[in-house]
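Chains, contacts and geometry: an overview
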Amino acid sequence: MQIIIVHPRLSEDRTLTITPRLIAGMIAAIIAIVVLGSLLLNYATVGRWPWSEPSVVQRSREEARQQAVLRENINLLARRVGEMQAKLMQLDALGERVAGLAGVAPAFSAKGVPGRGGLLVSSNPMSAQEVSSELDRLEAQLAERADYLSVLDAQLTTLSVRKAMTPTVMPVTHGYNGSSFGWRVDPFTGTRSLHEGIDFVAPSGTPIVAAAGGVVQAAEYHAGYGYMIDVDHGNDLVTRYAHASRLLVKPGDLVKRGQRIALVGSTGRSTGSHLHFEVRLGGVAVNPNNFLTHGPGKKPVESFSKVVTLPAPGALD
């Protein structure tokens with residue numbers, strides 16, 4: 001193979017003949033350059049030629065460097081183990097407080113851990129085996145705490161549901177107690193009779209809200225109660241809202257705590273505009289004050305009859 005070189009500065013054309021021998025020589029030169037470069041790079045990095053055995057000094061230096069790196073990693077893990085132990089103690093303290101709120105006996109107590117401190121005189125670094133043992137122990141402790149916190153979560157959820165289903169919200173926000181729970185003189189017959197609820201005197205059309213969450217059991221007209229609503233809160237606990245002028249829910253509806261369900265009126269056996277509110281447990285009427293007085297931020301409902309000697313205009317049924 002021939003290559004002809006033509007250039008204005010050349011007096012005559014030149015011819016370059018490429019033979020197999022020339023190609024083989026160029027390939028060999030390239031390989032030699034690559035090999036020589038690799039050897040030099042290896043020597044600059046390792047400090048010796050590949051075919052030579054490392055000296056005792058070089059081996060000791062390399063081992064010392066590896067040991068230093070290993071010790072640094074172990075010390076880092078040991079510090080992390082200490083931090084995890086401190087956080088575990090904080091978690092125990094938090095779990096103890098939450099257990100008190102949930103009414104569960106704390107399984108782990110931070111009070112049992114003695115206080116520690118003082119000057120550091122001397123210390124021995126932990127070995128890799130000791131760090132591994134501590135990590136295994138922390139893993140087992142965290143698994144136990146996770147199970148315990150799951151129990152607390154279930155208990156708190158149950159308490160939250162019970163609270164939402166307990167009638168503690170005042171059924172009317174604007175009104176006063178015209179007649180309390182217990183024996184009284186009936187405004188129609190003039191005889192003593194048991195009043196099974198509380199009468200909240202309020203203007204007609206005043207919103208009536210559910211004292212707790214539940215399912216509407218009845219929403220109908222009753223000869224004595226007028227337009228009335230029964231809300232089932234579970235566990236045989238039912239609240240009744242009577243003498244309404246208008247019903248805003250129907251049987252089967254799911255109502256939330258504080259949701260509007262009716263409007264105050266004077267339907268049925270009534271002498272004036274008011275809400276007759278009852279709480280029934282197992283079908284038996286109980287004093288609503290036992291529930292309403294335990295609501296957040298609620299004060300006990302005082303009987304209006306204790307303040308005024310005359311019958312309240314809405315004091316009835």
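A brief report on the enclosed structure follows.

Rules used in this analysis
- Residues numbered from 1 in each chain as written.
- Predicted model: local features only at pLDDT ≥ 70, side-chain atom pairs only at ≥ 80, totals over all residues.
- Heavy atoms only, no water.
- Phe/Tyr/Trp six-rings, centres within 6.5 Å; stacked < 30°, edge-to-face > 60°.
- Helix = DSSP H or I, 4+ residues; strand = E, 2+ residues; numbered from the N terminus.
- Buried < 20%, exposed > 50% of the residue type's maximum accessible area, 1.4 Å probe, protein only.
- Lys NZ or Arg CZ within 6 Å of the ring centre and 35° of its normal.
- Patch = residues over 30% accessible without salt bridge, like charges linked within 9 Å, V, L, I, M, F, W, Y side chains within 5 Å.
- Areas by Shrake-Rupley, 256 points an atom, 1.4 Å probe, with all protein chains shown as cover.
- Salt bridge = Lys/Arg side-chain N within 4 Å of Asp/Glu carboxyl O.
- Polar contact = N/O pair within 3.5 Å; in protein donor to acceptor, adjacent residues only side chain to side chain.
- Contact = heavy atoms within 4.5 Å.
- Core = buried A, V, L, I, M, F, W, Y, C linked by side-chain atoms within 4.5 Å.

Comments concerning the packing of aromatic side chains
Tallied over the full model, the rule gives two aromatic pairs. Judged by centre distance (5.0 Å) and plane angle (75°), the rings of Tyr-221 and Tyr-227 are edge-to-face. Considering the side-chain rings of Tyr-241 and Phe-277, the 5.3 Å spacing of their centres and the 50° angle between planes classify their relative orientation as tilted. In this pair, Tyr-241 is assigned in strand E10 (residues 237–247) and Phe-277 in strand E13 (residues 274–281), connecting sequence segments 36 residues apart. Each of the two residues, Tyr-241 as well as Phe-277, counts as buried. The cationic tip of Arg-240 hangs over the ring face of Tyr-225; the distance from NZ or CZ to the ring centre is 4.8 Å.

With respect to a nonpolar patch on the surface
There is a patch of nonpolar side chains on the surface, built from Ile-23, Ile-27, Ile-31 and Val-35 and spanning about 350 Å² of accessible area. Turning to its location among the elements, Ile-23 is positioned in helix H1 (residues 20–46).

A word on the side chain of Arg-280
Topologically, Arg-280 is positioned in strand E13. Since its relative accessible area comes to 15%, Arg-280 is described here as buried. Reaching out from Arg-280, the side chain makes a polar contact with the backbone oxygen of Gly-283 at a distance of 3.2 Å. With residues up to four places along the chain from it excluded, the contact list for Arg-280 reads Glu-196, Tyr-225, Asp-236, Leu-237, Val-238, Arg-240 and Ala-285.

Points about the nonpolar core
Among the nonpolar cores identified, the biggest contains 25 residues, and Phe-200, Ile-208, Ile-229, Tyr-241, Ile-261, Leu-275 and Phe-277 are the most heavily contacted of them. Only strand E6 (198–201), strand E8 (214–222), strand E9 (226–232), E10, strand E12 (260–264), E13 and helix H4 (289–292) provide two or more residues apiece to this core.

Focus: the pattern of salt bridges
Summed over the entire model, instances satisfying the criterion amount to eight salt bridges. With its nearest N and O atoms 2.8 Å apart, the salt bridge here joins Arg-240 to Asp-230. Placement of Arg-240 in strand E10 and of Asp-230 in strand E9 is noted, with a sequence separation of 10 residues between them. Asp-230 carries the same exposure label as Arg-240, and that label is buried. The partner of Asp-253 in a salt bridge is Lys-250, with the nearest N and O atoms 3.2 Å apart. One network of salt bridges, in which partners are shared, links Glu-196, Asp-230, Arg-240, Glu-278 and Arg-280.

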